[in-house]
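# Descriptive structure summary
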Amino acid sequence: MPQQGMFMISTVTGFKLLRLEEIGYFEYLKDKRQWQVVLFNQTRLNLKRNTKAEDIIGYSQAFIQISQSAIVNVNYLAMIDGKCCQLYPPFHDKSDLVISRSFLKGLQDRFFVLWQLLLKIDAKTPFLHQERRFLFVRILEWESMLLKKCCYKLVLSMVTVIS
């Protein structure tokens, strides 16, 4: 039985068992009319032609669609520069991951879900306290890049709650 964070994807040559941390992003190849997954070692695997974006998003909550032709692993999301996603290495060279207007709302919703998770973490446990600080920093990065105007008061109130 696969471990948590592992799943099987259907490629054109068969099935491949992957860990979540191996995947940086998926991109849709218009000329071939199929999705391709890009792995941490820069290997690219073409998925079966009948694979849809909804199928990929269903693999893990860490996958979020940012456009008709791109799905990113939010664990590798370093920052959002304007409407472009910048990923952590080894995916930092990918510069054309543009967030389309219709998918921006989904990314913003994910941001608010992270805020809700942050509120539920118990600060009394040392490990969870560290995790809480990490999430707080990550959320502040997202806030400053995506939601500066609408989240300013929420951030101020969260700083009071955490400290």
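The sections below set out a description of the structure shown in this document. From a predicted model like this one, the values you see are computed outputs, not experimental measurements.

Rules of the game
- By convention here, each chain's residues receive numbers from 1 onward along its written sequence.
- In keeping with the model being predicted, local features are shown solely for residues with a pLDDT of at least 70 and side-chain atom pairs are shown and tallied solely at 80 or more, while totals for entire chains, interfaces and linings include all residues.
- Water and hydrogen atoms were dropped before computing side-chain values, which therefore reflect all heavy atoms in the structure.
- Only DSSP runs of H or I with at least four residues qualify as helices, and only runs of E with at least two residues qualify as strands; both kinds are numbered from the N terminus onward.
- Any pair of N or O atoms that falls within 3.5 Å is considered a polar contact. Within protein, one atom must be able to donate a hydrogen and the other to accept it, and sequence-neighbouring residues count only if both atoms are side-chain atoms.
- It only takes one pair of heavy atoms within 4.5 Å for two residues to be counted as in contact.
- Here a salt bridge means any side-chain nitrogen of Lys or Arg lying within 4 Å of a carboxyl oxygen belonging to Asp or Glu.
- For each residue, the accessible area found with a 1.4 Å probe, counting protein chains only, is set against the maximum for its type, and the residue is called buried under 20%, exposed over 50%, and partly exposed in between.
- When DSSP locates at least two bridges between a pair of strands, those strands are taken to pair.
- Only the stretch in contact is used when fitting a helix axis, every axis being a line fitted to C-alpha atoms; angles between N-to-C directions are given from 0 to 180 degrees.
- Note that patches include only residues with greater than 30% relative accessible area and no salt bridge, and the join distances are 9 Å for like charges and 5 Å for nonpolar side chains (Val, Leu, Ile, Met, Phe, Trp, Tyr).
- Reported accessibility uses the Shrake-Rupley method at a 1.4 Å probe radius. Residues are deemed covered only where the shown protein chains occlude them.

A few words on the side chain of T51. Here T51 shows up in the loop between β5 (44-46) and α1 (53-59). Side-chain polar atoms of T51 contact the backbone oxygen of K48, separated by 3.0 Å. If near-sequence neighbours (up to four positions away) are discounted, T51 is found in contact with S10, W35 and I56.

Our focus in this paragraph is the pattern of salt bridges. On inspection of all chains with the given rule, the structure shows four salt bridges. For E21, the salt bridge is made with R19, and the minimal N-O distance between the two is 2.8 Å. Look at E21 and you get partly exposed, because its relative accessible area is 44%. Judged by relative accessible area, R19 falls into the partly exposed class, the value being 36%. The partner of E27 in a salt bridge is K94, with the nearest N and O atoms 2.9 Å apart. Here the residue E27 occupies a position in strand β3 (residues 23-29), and K94 occupies one in the loop between β9 (84-87) and α2 (101-120), the gap between them amounting to 67 residues. By relative accessible area, which is 13% here, E27 ends up buried. Its relative accessible area of 14% is what places K94 among the buried residues.

A word on the sheet that holds strand β6 (residues 63-67). Within a sheet, adjacent strands bond to each other through the backbone by hydrogen bonds, running parallel or antiparallel. Read across the open sheet, the five strands follow the order β5-β4-β3-β7-β6; overall the sheet is antiparallel. Both edges of this open sheet fall to β5 and β6, since each of them pairs with a single strand only. Each adjacent strand pair in this sheet contributes to an overall mean axis angle of 20 degrees, direction not counted.

Before going further, it helps to spend a moment on a nonpolar patch on the surface. Taken together, the side chains of M8, F15 and L17 present a nonpolar region at the surface, about 340 Å² in accessible area. Relative to the helices and strands, M8 resides in strand β1 (residues 6-11). A relative accessible area of 48% means that M8 is categorised as partly exposed.

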